[in-house]
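A structural walkthrough
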Amino acid sequence: MMTLSPAVPSRRAELLAAGAAVVSVVLWASAFVSIRSAGEVYSPGALALGRLAAGALALGALCLVRREGWPPRAAWPGIAVSGVLWFGVYMVVLNWGEQQVDAGTAALVVNTGPLLIALLGARLLGDPMPPRLLAGMAVSFAGAVTVGLSMSGEGGASVLGVVLCLVAAVAYAGGVVAQKPALGRASALQVTTFGCLVGAVLCLPFSWQLVTEAAEAPLSATLNMVYLGIFPTALAFWTWAYALSRTTASRMGATTYAVPALVVMMSWLALDEVPGALTLVGGALCLVGVAVSRSRSRGSRGSQVVATITGTGAGAETGGTRGAVESQEARETPNAQEAQEAQEPA
């Protein structure tokens, strides 16, 4: 008798995960515009604390409405590490680094993050590295380099600034890889909320700076900080966790290469900063690379469906997406489709 396994993701589930990823990258791109305004008034630590505090309040309220309890004990190591690295260290160090280097250099160095995610994911999580993913990341990174070089004409870059941006990239990659196992044991909202709380606690030493600077800051800068907390932090990190729980860390990392292209477009529309031809070419390469890295061959998709229907192959045994009712094992087992792609010929 032929039965369809939950391992074959429904079209609706795929669209929801893709939509969640799009929400994250669009909001993270918008964050660069807001940081530029708020960063003129708030110091790096104070801005990070204010952003995390606003995000934690929004996420906490949502948890109460949805009656989300405490995450299971097994999820806490991943939550704690991602909270320290991604919500805490990354936000402070990136704010600081962007004050030391020009925007192009910052974008260039920080965009090594997805490459680090792919390497760490393959090493620590056993993420597959299909040729399409590698090719797409290479194209996107070339686009990020092009955007960075085209934006580096004004301003300068200090050694300290480059080091800070590199630390931010490492913290970002480590946070994503640590978050992935936690999502197999707790909900996306739980992982995001408590990770944000961990980051806020880590930034508490900047409390006095935040209070002092907020008293003198213009309302527009403070509103930008609140916006950063509610949308690019609370909402975007939640939708990111939702999408990450349904695919590999490497593939999600590659998705963030769309951010430089979106920043270029948003700066054009919101700040009237007309991009040059080289910047537009780089942005286009970023988007093309993301499309390639997230594409899947028809052969691997068909093979998974056949294997699941016949009850043979890895596709019948693993669950890459969550159904209405899913087992703990399905949440912790890598997606068979990703494993199949890793063996595709280039």
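From a predicted model like this one, the values you see are computed outputs, not experimental measurements.

The rules behind each value
Residues numbered from 1 in each chain as written. Predicted model: local features only at pLDDT ≥ 70, side-chain atom pairs only at ≥ 80, totals over all residues. Heavy atoms only, no water. Helix = DSSP H or I, 4+ residues; strand = E, 2+ residues; numbered from the N terminus. Buried < 20%, exposed > 50% of the residue type's maximum accessible area, 1.4 Å probe, protein only. Contact = heavy atoms within 4.5 Å. Areas by Shrake-Rupley, 256 points an atom, 1.4 Å probe, with all protein chains shown as cover. Polar contact = N/O pair within 3.5 Å; in protein donor to acceptor, adjacent residues only side chain to side chain. Axes fitted to C-alpha atoms, helices over the stretch in contact; angles between N-to-C directions. Parallel < 35°, antiparallel > 145°, perpendicular 65-115°, else oblique. Left-handed = near helix turned anticlockwise from the far one by under 90°. Nonpolar A, V, L, I, M, F, W, Y, C, P; charged D, E, K, R; others polar. Patch = residues over 30% accessible without salt bridge, like charges linked within 9 Å, V, L, I, M, F, W, Y side chains within 5 Å. Salt bridge = Lys/Arg side-chain N within 4 Å of Asp/Glu carboxyl O. Phe/Tyr/Trp six-rings, centres within 6.5 Å; stacked < 30°, edge-to-face > 60°.

**Observations concerning the overall build of the chain**
Each helix and strand in the chain was counted, giving 16 helices and zero strands. Here the chain, with 346 residues, has 50% of them falling under the buried criterion. Long-range pairs, those at least 24 residues apart, make up 90% of the contacts in the chain between residues at least 6 apart in sequence. As displayed, the chain offers around 15500 Å² of accessible surface, 68% of which is attributable to carbon and sulfur atoms.

**Details of the side chain of Ser245**
Looking at the secondary structure, you find Ser245 in the loop between α10 (219-244) and α11 (249-255). A relative accessible area of 10% places Ser245 in the buried class. Within polar-contact distance, the side chain of Ser245 engages the side chain of Arg246 at 2.6 Å.

**Re the packing of helix α5 (residues 113-125) against helix α7 (residues 159-182)**
It is the contact of α5 with α7, at a shortest axis distance of 8 Å, that shows an interaxial angle of 40°. Classed by the angle they form, the pair α5 and α7 counts as oblique. Where α5 crosses over α7, the handedness of that crossing is right-handed. Across from Gly113, Pro114, Leu116, Ile117, Leu120, Gly121, Leu124 and Leu125 in α5, the residues of α7 making contact are Ala169, Val170, Tyr172, Ala173, Gly174, Val176, Val177, Lys180 and Pro181. Among the residues forming the contact of α5 with α7, the class breakdown is 13 nonpolar, three polar and one charged.

**Comments concerning the side chain of Ser82**
As for its position among the elements, Ser82 is in helix α3 (residues 76-97). A distance of 3.0 Å separates a polar atom in the side chain of Ser82 from the backbone oxygen of Gly78. With near-sequence residues (within four places) excluded, Ser82 lies in contact with Phe87, Gly175, Ala178 and Gln179.

**Concerning a nonpolar patch on the surface**
A surface patch of nonpolar side chains, amounting to about 250 Å² of accessible area, comprises Val159, Val163 and Val167. Topologically, Val163 is positioned in helix α7.

**Overview of the packing of aromatic side chains**
Tallied over the entire structure, the rule returns 13 aromatic pairs. Judged by centre distance (6.3 Å) and plane angle (35°), the rings of Trp70 and Trp76 are tilted. Given the relative accessible area of 66%, Trp70 is considered exposed. Classification of Trp76 as partly exposed rests on a relative accessible area of 26%. Pairing Phe87 with Phe237 gives two aromatic rings, centres 4.6 Å apart and planes at 40°, and the pair type is tilted. With Phe87 in helix α3 and Phe237 in helix α10, this residue pair connects regions lying 150 residues apart in the sequence. On the basis of relative accessibility, which here comes to 0%, the residue Phe87 falls in the buried class.

**Things to note about the environment of Gly97**
One can find Gly97 in helix α3. Overall, Gly97 belongs to the buried group, its relative accessible area being 0%. Note: C-alpha distance between Gly97 and Leu164 (67 residues apart in sequence) is 5.0 Å. Aside from chain neighbours lying at most four places away, what touches Gly97 is Gly161, Leu164 and Cys165.

**Some details on the environment of Ala178**
By secondary structure assignment, the location of Ala178 is in helix α7. For Ala178, a relative accessible area of 15% gives the class buried. The sequence separation of Ala178 and Leu125 amounts to 53 residues, and the corresponding C-alpha distance is 9.3 Å. Excluding anything up to four places from it in sequence, Ala178 contacts Gly78, Val81 and Ser82.

**Thoughts on unusual backbone geometry**
One non-glycine residue, Arg67, lies in positive phi territory at about 55°. Residue placement: Arg67 occurs in the loop between α2 (44-66) and α3.

**Some points on the pattern of salt bridges**
The full count for this structure, using the stated rule, is one salt bridge. Residues Arg66 and Glu68 are paired through a salt bridge, measuring 3.7 Å at the closest nitrogen-oxygen approach. Relative accessible area serves as the criterion here: at 48%, Arg66 is assigned to the partly exposed category.

By themselves, these figures tell us nothing about what the structure is for.
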